[in-house]
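A structural walkthrough
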Amino acid sequence: MFTIGEFARHGRVSVRMLRHYDATGLLRPAHVDPLTGYRRYTAAQLARLNRVVALKDLGFTLQQVAEIVDGSLTTEELRGMLRLRRAELESAVAVATARLVQVEARLRAIESEGQMPTNDVVVKNVPAVRVAELTATAASFAPEDISPVIGPLYEELFQRLDAAGIVPTGPGIAYYEDEPDGTGRMIVHAAVQVSAPCQDGAVRVWDLPSVDQAATVVHRGPMDAVVPTVQALTRWIDGNGYRATGYPREVNLECPADRDDWVTELQAPVIRA
């Protein structure tokens, strides 16, 4: 038998944690000396310790851990709990990853302060184009609020177009406008160029108006990291005697599976200041 200190070393946990597991009934010592109170453990108990620690690391409560290791749950119930926890962890990882992308984008924006865009800005006329679109509302214009809305919106748009037998004839075009209620929320438009009308009304098909003058620049990479490009474009507009009159449109020129390889043209409507 092992002393509590020896068992803690073999199990790679703290003595304090073993005492806690004893107090909660998760892992009782194999023997407790009635005179000294010294706890003794066996090597066979390492298996239970490993399961307890693994389940705790997955985020289960002590009560849930006890139900699992004591076998009071059915196999299907256990499988359901593990699947739910996996989904929660995957969601947390996705949120953390998106947050890291935003931090990196802000750092690049800070590093590029005062610099002009590395790509040339071109002021041009953007002709009207027929698009099919769906709309939704985002909490703000921040990338972390736009991305969770625009992605599913495009998925739904392409599913409806496919069901209606409509084939896109050009790139996707995302554009934005303020909610008229003054709350700061955004109306998000997920559009794609088409040539045919939609007979069943599953999506809105209309002619997106032309823009007389648009300051345009190409952004390379995921749209979650667009902040440095947008701010560089803003500095160019301000430094060259123009004033923006609306939010930039985002024209998806290339959208491969790897978002780092995306190519998007930003089209900011401008007038002479």
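Bear in mind the structure is a predicted one, so any value in this text is a computation, not a measurement.

1. Let's talk about the packing of aromatic side chains
Taken as a whole and judged by the stated rule, the model has 5 aromatic pairs. Both rings, one in Phe141 and one in Tyr176, keep their centres 5.1 Å apart while their planes meet at 70°; by these two values the pair is edge-to-face. In this pair, Phe141 sits in the loop between β5 (129-138) and α6 (143-164) while Tyr176 sits in strand β6 (residues 172-178), placing the two residues 35 residues apart along the sequence. Exposure remark for Tyr176: the relative accessible area of 7% places this residue in the buried category. Clustering of aromatic rings is evident, with ring pairs tying together Phe141, Tyr176 and Tyr247. Above the plane of the ring of Trp206 lies Arg204, whose end atom (NZ or CZ) is 4.0 Å from the centre. The aromatic ring of Tyr242 is capped on one face by Arg272, whose charged end is 4.0 Å from the ring centroid.

2. What to know about the pairing of strand β11 (residues 249-254)
Summarising the sheet, β6 and β11 pair through 3 bridges and their orientation is antiparallel. Across the sheet, the residue bridging to Ala174 is Glu250, located in β11. In this structure, β11 lies alongside strand β12 (residues 263-272), joined through 5 bridges in antiparallel fashion. Bridge pairing links Glu250 to Leu266 in β12.

3. Observations regarding the side chain of Gln45
When you line up the elements, Gln45 lands in the loop between β3 (39-41) and α3 (46-57). Taking relative accessible area as the criterion, Gln45 reaches 13% and is therefore assigned buried. A polar side-chain atom of Gln45 sits 3.5 Å from the main-chain amide nitrogen of Ala30. With near-sequence residues (within four places) excluded, Gln45 lies in contact with Phe7, Leu27, Arg28, Pro29, Ala30 and Arg40.

4. A short note on the pattern of salt bridges
Between side chains of opposite charge, a pair can form as their charged atoms come close. Applying the stated criterion to the full structure yields 9 salt bridges. The salt bridge involving Arg28 is made with Asp22; its shortest N-O contact spans 3.2 Å. Arg28 gets classed as partly exposed once you look at its relative accessible area, which sits at 48%. Residue Asp22 pairs with Arg39 through a salt bridge whose shortest N-O separation is 2.8 Å. Taken as a pair, Asp22 in helix α2 (residues 15-24) and Arg39 in strand β3 lie far apart in primary sequence, 17 residues in all.

5. Some remarks on the sheet that holds strand β2 (residues 31-32)
Paired through backbone hydrogen bonds, the strands of a sheet run either parallel or antiparallel to each other. The 3 strands lie next to each other as β1-β3-β2, forming an open sheet whose pairing is antiparallel. Edge strands, defined here as strands with exactly one partner in the open sheet, are β1 (2-3) and β2. Where β1 lies against β3, 2 bridges are found, and the strand directions are antiparallel. Its bridge partner being in β3, Thr3 is matched across the sheet by Arg40.

The rules behind these values
- Residues numbered from 1 in each chain as written.
- Predicted model: local features only at pLDDT ≥ 70, side-chain atom pairs only at ≥ 80, totals over all residues.
- Heavy atoms only, no water.
- Phe/Tyr/Trp six-rings, centres within 6.5 Å; stacked < 30°, edge-to-face > 60°.
- Helix = DSSP H or I, 4+ residues; strand = E, 2+ residues; numbered from the N terminus.
- Buried < 20%, exposed > 50% of the residue type's maximum accessible area, 1.4 Å probe, protein only.
- Lys NZ or Arg CZ within 6 Å of the ring centre and 35° of its normal.
- Pairing = 2+ DSSP bridges.
- Polar contact = N/O pair within 3.5 Å; in protein donor to acceptor, adjacent residues only side chain to side chain.
- Contact = heavy atoms within 4.5 Å.
- Salt bridge = Lys/Arg side-chain N within 4 Å of Asp/Glu carboxyl O.

By themselves these figures say nothing about function.
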